[in-house]
Amino acid sequence: MNTKTKKLLALGLTCLTVACAFTGCGKKDDDQKEPDKTALFTMETYPIMDGSTANLPLMAEVMARTCDITREQAEEVTSCTTTPTAWVRLANGEADILLVYEAADVTKKELEAIGTELEITPIGRDALVFINNKDNPVNNLTTQQLLDIYTGKITNWKEVGGNDVELIPYQRVESSGSQSLFKKLLMKDVTPMDAPTELRPTAMGELIDELANYNNTANALGYSVYYYASYMYTQPGLQFISVDGVAPNEETIAAGSYPYVNDFFVAIRADEPADSPARQLRDWILSDDGIQALKDAGYIPAPRE
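So, a few notes on the structure that sits alongside this text.

## Brief notes about the side chain of Ser276
Checked against the element boundaries, Ser276 lands in the loop between β9 (261-269) and α12 (277-286). Of the residues examined, Ser276 reaches a relative accessible area of 8% and is grouped as buried. Engagement of the side chain of Ser276 in a polar contact is seen with the backbone nitrogen of Arg279, the distance being 3.2 Å.

## Details of the packing of helix α7 (residues 143-150) against helix α8 (residues 177-187)
In the contact formed by α7 and α8, the axes pass within 11 Å of each other and the chain directions differ by 125°. Considering their axes alone, α7 and α8 lie oblique with respect to each other. Contacts between α7 and α8 involve Thr143, Leu146, Leu147 and Tyr150 from the first element and Phe182, Leu186 and Met187 from the second. Residue classes in the contact of α7 with α8 are distributed as six nonpolar, one polar and no charged.

## Looking at the pairing of strand β3 (residues 118-133)
Among the 16 residues in β3, twelve count as buried, and that is most of the element. With nine bridges joining them, β3 and β9 adopt antiparallel strand pairing. The residue bridging Thr121 from the neighbouring strand is Val266, located in β9. With two bridges joining them, β3 and strand β10 (residues 300-301) adopt antiparallel strand pairing. For Gly124, the partnering residue across the bridge sits in β10 and is Pro301. Here β3 pairs with strand β6 (residues 220-225) via five bridges, running antiparallel. Looking at the pairing, Leu128 lines up with Val225 of β6. With three bridges connecting them, β3 and strand β7 (residues 238-240) associate as antiparallel partners. Considered in β7, the bridge of Asn132 is made with Gln239.

## Re unusual backbone geometry
Unlike most non-glycine residues, Asp68 shows phi in positive territory, near 55°. Secondary-structure assignment places Asp68 in the loop between α3 (56-67) and α4 (71-76). Taking the relative accessible area as the measure of exposure, Asp68 reaches 17% and is therefore buried. We note that Lys188 has phi near 55°; this positive angle belongs to a residue other than glycine. For Lys188, a relative accessible area of 63% corresponds to the exposed category.

The rules behind these values
Each chain carries its own residue numbering, running from 1 in the direction its sequence is written. In keeping with the predicted nature of the model, local features appear solely for residues at pLDDT of at least 70, side-chain atom pairs appear and are counted solely at 80 or more, and the whole-chain, interface and lining totals rest on all residues. Water and hydrogen atoms were dropped before computing side-chain values, which therefore reflect all heavy atoms in the structure. Helix and strand definitions follow DSSP, with helices as H or I runs of at least four residues and strands as E runs of at least two, each counted in order from the N terminus. Only protein chains enter the accessibility calculation, which uses a 1.4 Å probe; a residue whose area is less than 20% of its type maximum is buried, one above 50% is exposed, and one in between is partly exposed. Nitrogen and oxygen atoms within 3.5 Å of one another constitute a polar contact, given that in protein one can donate a hydrogen and the other can accept it, and given that sequence-neighbouring residues count only through two side-chain atoms. Where helices are involved, their axes are fitted lines through C-alpha atoms of the stretch in contact, as for all axes, and angles between N-to-C directions lie from 0 to 180°. For classification purposes, an angle smaller than 35 degrees is called roughly parallel, one larger than 145 roughly antiparallel, one from 65 to 115 roughly perpendicular, and anything else oblique. Throughout, a residue-residue contact means that at least one pair of heavy atoms, one from each residue, lies within 4.5 Å. Here the nonpolar group is Ala, Val, Leu, Ile, Met, Phe, Trp, Tyr, Cys and Pro; Asp, Glu, Lys and Arg are the charged ones; every other residue, Gly included, is treated as polar. When DSSP finds at least two bridges between two strands, those strands are taken to pair.

Put into structure tokens, the structure is as follows:
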């Protein structure tokens, strides 16, 4: 095994279990493809990619198309270190390119301290979605109700049209990408209440598991990003909550009619030479071929200028 492949395999072991959520992960590739001499990269020349958990399927799709290998082969060596660590690794020169969600404020401060100039370009669109149990009769909340829940003003589901039971609102850890979206898109200049540690799961999958398994199943409320919760880590018995009467789905997210929409990005260091693998891959991702790969992987493209 060559050094580059070892690096790819070593990247972000914390995400490898999540990587198995996308189609074909872990399967043997019976139809081994011969390398295409016209491919943009080989496995040895492919830049070190990192990013957000929700972008793992896109990372595999991009690698498969630019190295001319199968999707299953790409999945076997695709991993990430999650949003906050990926941004820092790029700035420190430990990764070459990111497919990544927006950095949290705490991570942005860390990046400022490092001082590396980055080129960050939106490529796709996702959304912050709120999730509760299907046994809960509440399937729509207003923005004001969500704000009141997460500032502690609403503590019982009956206050928003549900049953007379305690409302248990989960949050994520401060450095997570979904917590960044939660504070940016919902809370804005309002400070959320401080959730206890047991209501702040470290991983996105843990939050979804907690919502599904919470002892009083219809009590809990949480959030994630749409793509992850829809395609990568689904749990039976949960539902997306409409906000202000608009349900989160591909159509409302693409149109921007769902209220909590946000872009995700491709990022490289600004000092990358024009012919560097990272800049070549970034340019391919921004090309028509790259956008088609994004669509084929099930993501929603960001509006193009």
